Amino acid sequence: MTTLTDSVEVTDSTKEDKNIVYDTKNLNLWYGDDQALRDINLQITENEVTAIIGPSGCGKSTYLKTLNRMVELVPVVRTSGEILYRGKNIFDKTYQVETLRTNVGMVFQKPNPFPKSIYDNIAYGPRIHGIKNKKILDEIVEKSLRGAAIWDEVKDRLKDNAYGMSGGQQQRLCIARCLAIEPDVILMDEPTSALDPISTLKVEDLIQELKKSYSIIIVTHNMQQAARISDKTAFFLSGEVIEFSDTDKMFSNPKNKQTEDYITGRFG
Ligand SMILES: Nc1ncnc2c1ncn2[C@@H]1O[C@H](COP(=O)(O)OP(=O)(O)OP(=O)(O)O)[C@@H](O)[C@H]1O
Ligand SMILES: [Mg+2]
């Protein structure tokens, strides 16, 4: 017989079952002597949009680039602490960084298509992974462009150079290029800041669609955008996470005075 207590327990455990994609524990990061991240503790949940907000220079991009270990391209970088991706510490000596590169896609502030055709931009990643069959590549290209809500606009000009597309189209192409490698997580660093309002809305709608299949972490300077599209928000200040909570809660009732000042536009 199911008792009331049982059913409560079931509800609770279902809640806890929501998978954690990234678990950041006591992360510190230095560029030489300058500390850019301080004791970051943050959990990223599957199939959610997590927004990272905060004033210029507070460490948002640094944190994003730490999640795929791209930050290591800067030779003077040092880290301490852990980032567990799907339960494994990405800083472990034995960790294969290729695992991250194939599971974690990134979209940058400025659209950065390759100087190639629209088709070849999307086929690039799959080809690197050894896919040569034209029919399979055709399918991946179509599926990825559809996934990024740009197929209808480009299906008749797949052989054209990607540089001939508008900025908003190029950004969706870059998102499609990400999807082509079938990632698990998509990192986005101010993906709409170079776009006009209509393209911005298209990308925002797209993000809502994509979170059904992917986990998305987005850095944004636009408070309305964070409020519109994210499930959780982390407020960074001087390399620290000042507040991390459900977006609704943070924007309606911030716990911290500094968070409140920032989201109401009093500084930053
Ligand atoms: N390659 C680098 N070498 C040295 N210091 C760096 C490097 N990249 C960033 N920093 C420093 O780390 C701190 C955080 O920079 P970061 O780019 O992460 O900030 P941000 O929050 O993304 O800012 P913005 O909103 O302007 O993009 C800054 O003080 C910056 O000067
Ligand atoms: Mg930045």
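Residues numbered from 1 in each chain as written. Chains lettered and ligands numbered in written order. Predicted model: local features only at pLDDT ≥ 70, side-chain atom pairs only at ≥ 80, totals over all residues. Heavy atoms only, no water.

### Regarding the nonpolar core
Then, number 1: If you look at the biggest cluster of nonpolar residues, it comprises 43 residues, and the most contacted ones within it are I118, L145, I175, I186, M188, I207 and L210.
Then, number 2: Of all the elements, helix α7 (residues 167–179) adds the most residues to this core, at five residues. (Core = buried A, V, L, I, M, F, W, Y, C linked by side-chain atoms within 4.5 Å. Buried < 20%, exposed > 50% of the residue type's maximum accessible area, 1.4 Å probe, protein only. Helix = DSSP H or I, 4+ residues; strand = E, 2+ residues; numbered from the N terminus.)

### As for the sheet that holds strand β2 (residues 34–45)
Paired through their backbone hydrogen bonds, the strands of a sheet run either parallel or antiparallel.
Then, number 1: One open sheet holds the four strands; their spatial order is β2-β1-β4-β5, and the pairing between them is antiparallel. The sheet is open, and its two edges are formed by β2 and β5 (88–89), each paired on a single side.
Then, number 2: The sheet strands contacting helix α2 (residues 60–67) are β1 (20–31), β2 and β4 (77–85), and the helix crosses β1 at an angle near 120°. (Pairing = 2+ DSSP bridges. Contact = heavy atoms within 4.5 Å. Axes fitted to C-alpha atoms, helices over the stretch in contact; angles between N-to-C directions.)

### Examining the packing of helix α4 (residues 118–128) against helix α5 (residues 134–147)
Then, number 1: Here α4 crosses α5 at 115°, and the two axes come no closer than 9 Å. Viewed along their axes, α4 and α5 adopt a mutual orientation that is roughly perpendicular. Seen from above, α4 lies across α5 with right-handed handedness. Contact residues: α4 offers I118, Y119, I122, A123, P126 and R127, while α5 offers K134, L137, D138, I140, V141, S144 and L145.
Then, number 2: A class-by-class count of the residues in the contact of α4 with α5 yields nine nonpolar, one polar and three charged. (Parallel < 35°, antiparallel > 145°, perpendicular 65-115°, else oblique. Left-handed = near helix turned anticlockwise from the far one by under 90°. Nonpolar A, V, L, I, M, F, W, Y, C, P; charged D, E, K, R; others polar.)

### Comments concerning the pattern of salt bridges
Then, number 1: Counted under the stated rule, the structure contains 19 salt bridges.
Then, number 2: E72 is the salt-bridge partner of R69, the closest N and O atoms lying 2.6 Å from each other.
Then, number 3: Put simply, K135 and E139 hold a salt bridge, and the shortest N to O gap is 3.7 Å. A residue pair is termed a helical-turn pair when its members lie 3 or 4 positions apart in one helix, as K135 and E139 do in helix α5 at four residues. (Salt bridge = Lys/Arg side-chain N within 4 Å of Asp/Glu carboxyl O.)

### A look at the side chain of T200
Then, number 1: Topologically, T200 is positioned in helix α8 (residues 197–210).
Then, number 2: T200 sits in the buried class, given a relative accessible area of 10%.

### Looking at the sheet that holds strand β10 (residues 240–246)
Then, number 1: Taken in spatial order, the six strands of this open sheet run β6-β7-β8-β3-β9-β10, and their pairing is mixed. A strand with exactly one partner marks an edge of an open sheet, and here the two such strands are β6 (104–107) and β10. Within this sheet the neighbouring strands show an average axis-to-axis angle of 15°, counted without direction.
Then, number 2: The sheet contact formed by β6 and strand β7 (residues 185–189) spans four bridges and is parallel. Residue pairing across strands places M106 opposite L187, the latter belonging to β7.
Then, number 3: Lying over the sheet, α2 contacts β3 (49–53), β6, β7, β8 (215–219) and β9 (232–237), oriented at roughly 155° with respect to β7.

### As for the packing of aromatic side chains
Then, number 1: Applying the stated criterion across every chain yields a total of four aromatic pairs.
Then, number 2: Aromatic pair Y63 and F236: ring centres 5.6 Å apart, planes at 45°, arrangement tilted. Residue Y63 is found in helix α2, and its partner F236 is found in strand β9; the two are separated by 173 residues along the sequence. Each member of the pair, Y63 as well as F236, carries the same accessibility label: buried.
Then, number 3: For K159, the ring lying beneath its charged end belongs to Y119, and the centroid distance is 4.7 Å.
Then, number 4: Cation over ring: R177 sits above F114, and NZ or CZ is 4.2 Å from the ring centre. (Phe/Tyr/Trp six-rings, centres within 6.5 Å; stacked < 30°, edge-to-face > 60°. Lys NZ or Arg CZ within 6 Å of the ring centre and 35° of its normal.)

### Notes on the pairing of β2
Then, number 1: In this structure, β1 lies alongside β2, joined through eight bridges in antiparallel fashion. Its bridge partner being in β2, T24 is matched across the sheet by L42.

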